[in-house]
Amino acid sequence: MFHIEWEEVAVNLNDFEDGQGFTENNQDATTVSIDDPIKSRKQRKATGNAFEEEDSDDKTELLSGQKKSAPFWTFEYYQTLFDVDSHQVKNRIVGSFLPWPGKNFAEVYLRSNPDLYGPFWICATLVFAIAISGNISSFLVNYGQPKYKYVPDFRKVTMAATAIYSYAWLVPLALWGFLTWRNRKITSLVSYSFMQIVCVYGYSLFIYIPAVILWIIPSEGLRWCSIVVALCLSGSVLVMTFWPAIWDDKPRISIAVISAIVILHVLLAIGCKTCFFSTYEMDSSKVHNEPLTVTNTSSTKAN
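Residues numbered from 1 in each chain as written. Predicted model: local features only at pLDDT ≥ 70, side-chain atom pairs only at ≥ 80, totals over all residues. Heavy atoms only, no water.

**What to know about the overall build of the protein**
Secondary structure assignment for the protein yields twelve helices and zero strands. Across the 303 residues in the protein, those meeting the buried criterion constitute 30%. Sequence separation of 24 or more characterises 79% of the internal contacts of the protein that already satisfy a separation of 6 or more. (Helix = DSSP H or I, 4+ residues; strand = E, 2+ residues; numbered from the N terminus. Buried < 20%, exposed > 50% of the residue type's maximum accessible area, 1.4 Å probe, protein only. Contact = heavy atoms within 4.5 Å.)

Okay, here's the thing in structure tokens:
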């Protein structure tokens, strides 16, 4: 009886030793299976922290306005110039012809986000408004003349596009080059980017669209009155925007720059009015005398 029990105890001890040996032989495999999840969690945590740091850096750059922009030769650079909504465009249009003392258009409405969407369509609308209004004005001036035959002048579209887009791009380019040159000599001057200056000039032309539509009415008094109002409103916005950029410069240079900005703005308005909206009316006496002269000549030859 006791002999059988001791045999059972010996068998159990052998089984325990065999199990311990199996555990020791497979200790590496067991360790790997336990340690791998811990390592993977640590790796995932470290990777997650890296991503969080990158996201926090991107957010910090976006909030501080220091995020680097794409180079100007890439598509992403120009894509950002058209990334505006209708609310921003509306506010910038309103601000372009409502000058408020002490408010800088570039600082209040543009900040570091200029756009080309508004200036492009404002210039395009102004071009077609000048061409269409000029043709209608010519028709109204000469309407009722016996020898007058209305023929739309499509050359006005080309001429208006050349004048408007040249003004909206070349003048900002020259102004940006001059301000950049002066900013290198006087570091205290306010600096504007080229796209900011183009945006300011583009939006400043909006006031001319309703003025040009009024020029359809063949009244010189109304035309000149609308020119003066448009010039005062848009010109004031330009002066208040660029005056801080040359405030600390020499007085003669500051006055010369502001005078050049105003004079070019005035020349654009007067040039468009003179070239596309003439007050010439056909002489009715000459028109009526031409057929009489031809009739008399033909009767003389018959005799």
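Right, picking up where we left off after that structure.
**Concerning the UniProt feature "transmembrane region" (unreviewed entry) in the protein**
With numbering aligned to this structure, UniProt lists the feature "transmembrane region" (unreviewed entry) at residues 119-141, 162-181, 193-217, 224-247 and 253-276. Counted over residues 162-181, helix gives 100% and strand 0%. Its end C-alpha atoms are 28 Å apart. Secondary structure across residues 193-217 comprises 72% helix and 0% strand; the distance between its end C-alpha atoms is 40 Å. (UniProt positions renumbered as here; feature names shortened; annotations may be inferred.)

**Things to note about the packing of helix H10 (residues 220-242) against helix H11 (residues 251-276)**
At a minimum axis distance of 10 Å, the contact between H10 and H11 shows a crossing angle of 150 degrees. Relative to H11, the element H10 is oriented roughly antiparallel. Like other packed secondary-structure pairs, H10 and H11 cross with a definite hand, here right-handed. In contact with Glu220, Arg223, Trp224, Ile227, Leu231, Ser234, Gly235, Leu238, Val239 and Phe242 of H10, H11 contributes Ile258, Ile261, Val262, His265, Val266, Ala269, Ile270 and Lys273. (Axes fitted to C-alpha atoms, helices over the stretch in contact; angles between N-to-C directions. Parallel < 35°, antiparallel > 145°, perpendicular 65-115°, else oblique. Left-handed = near helix turned anticlockwise from the far one by under 90°.)

**Brief notes about helix H4 (residues 86-96)**
Along H4, the residues classified as buried are Val89, Arg92, Ile93, Gly95 and Ser96. Here the buried residues of H4 occupy an arc of 165 degrees about the axis, which is enough to place them on one side. Relative to its buried face, H4 has exposed residues pointing more than 90 degrees away, namely Ser86 and Lys90. Close packing links the buried residues of H4 with helix H5 (105-110), helix H6 (117-142), helix H8 (194-204) and H10. (Arc of directions from axis to C-beta.)

**Some words on the side chain of Lys273**
Tracing the chain through its elements places Lys273 in helix H11. One polar contact links Lys273 to Glu220, side chain to side chain, over a distance of 2.6 Å. (Polar contact = N/O pair within 3.5 Å; in protein donor to acceptor, adjacent residues only side chain to side chain.)

**Things to note about empty space enclosed by the protein**
A complete count under the given rule lists two cavities of 30 Å³ or more for this structure. Of the pockets and cavities examined, the largest cavity occupies roughly 80 Å³. Gly95, Leu98, Pro99, Trp100, Lys103, Asn104, Phe105, Tyr109, Val237, Met240 and Thr241 together form the lining of the largest cavity. For the lining of the largest cavity, the elements supplying multiple residues, two or more each, are H5 and H10. The dominant element in the lining of the largest cavity, judged by the number of residues it contributes, is H10, at three residues. The class makeup of the residues in the lining of the largest cavity is seven nonpolar, three polar and one charged. The space that makes up the second largest cavity amounts to roughly 70 Å³. Leu126, Ile130, Ile164, Leu205, Tyr208, Val212, Trp215, Leu268, Ala269 and Cys272 together form the lining of the second largest cavity. For the lining of the second largest cavity, the elements supplying multiple residues, two or more each, are H6, helix H9 (208-214) and H11. (1 Å grid on protein atoms, 1.4 Å probe; cavity = no way out; pocket = protein on both sides within 12 Å on 5 of 7 lines; lining within 4 Å. Points joined across faces, edges and corners; volume = space filled by probe spheres on them. Nonpolar A, V, L, I, M, F, W, Y, C, P; charged D, E, K, R; others polar.)

**Structural notes on the nonpolar core**
Core analysis: the biggest nonpolar cluster contains 49 residues, and Ile164, Tyr201, Leu205 and Phe242 have the highest contact counts within it. Elements with a contribution of two residues or more to this core: H4, H5, H6, helix H7 (155-185), H8, H9, H10 and H11. It is H11 that provides the largest number of residues to this core, a total of eight residues. Sequence-distant contacts of Ile164, defined by excluding residues within four places in its chain, comprise Cys123, Leu126, Val127, Ile130, Leu205, Leu268 and Cys272. (Core = buried A, V, L, I, M, F, W, Y, C linked by side-chain atoms within 4.5 Å.)

**What to know about the packing of aromatic side chains**
Following the criterion strictly, the structure yields 13 aromatic pairs and no others. Ring plane angle 70 degrees and centroid distance 5.6 Å describe the contact between Tyr167 and Tyr201, whose orientation is recorded as edge-to-face. With Tyr167 in helix H7 and Tyr201 in helix H8, the pair connects residues that are 34 residues apart, well separated along the chain. Given the relative accessible area of 0%, Tyr201 is considered buried. On the basis of an interplanar angle of 90 degrees and a centroid distance of 5.8 Å, the ring pair of Tyr192 and Phe242 is categorised as edge-to-face. Of the two residues, Tyr192 sits in the loop between H7 and H8 while Phe242 sits in helix H10, which places them 50 residues apart along the sequence. Of the two residues, Tyr192 and Phe242, neither departs from the other in class, the shared state being buried. Stacked on the ring of Trp181, the Lys or Arg Arg182 has its end atom at 5.0 Å from the ring centre. (Phe/Tyr/Trp six-rings, centres within 6.5 Å; stacked < 30°, edge-to-face > 60°. Lys NZ or Arg CZ within 6 Å of the ring centre and 35° of its normal.)

**Remarks on a nonpolar patch on the surface**
Taken together, the side chains of Phe128, Ile132, Ile136, Phe139, Leu140, Tyr143 and Tyr150 present a nonpolar region at the surface, about 680 Å² in accessible area. Since its relative accessible area comes to 36%, Tyr150 is described here as partly exposed. (Patch = residues over 30% accessible without salt bridge, like charges linked within 9 Å, V, L, I, M, F, W, Y side chains within 5 Å. Areas by Shrake-Rupley, 256 points an atom, 1.4 Å probe, with all protein chains shown as cover. Salt bridge = Lys/Arg side-chain N within 4 Å of Asp/Glu carboxyl O.)

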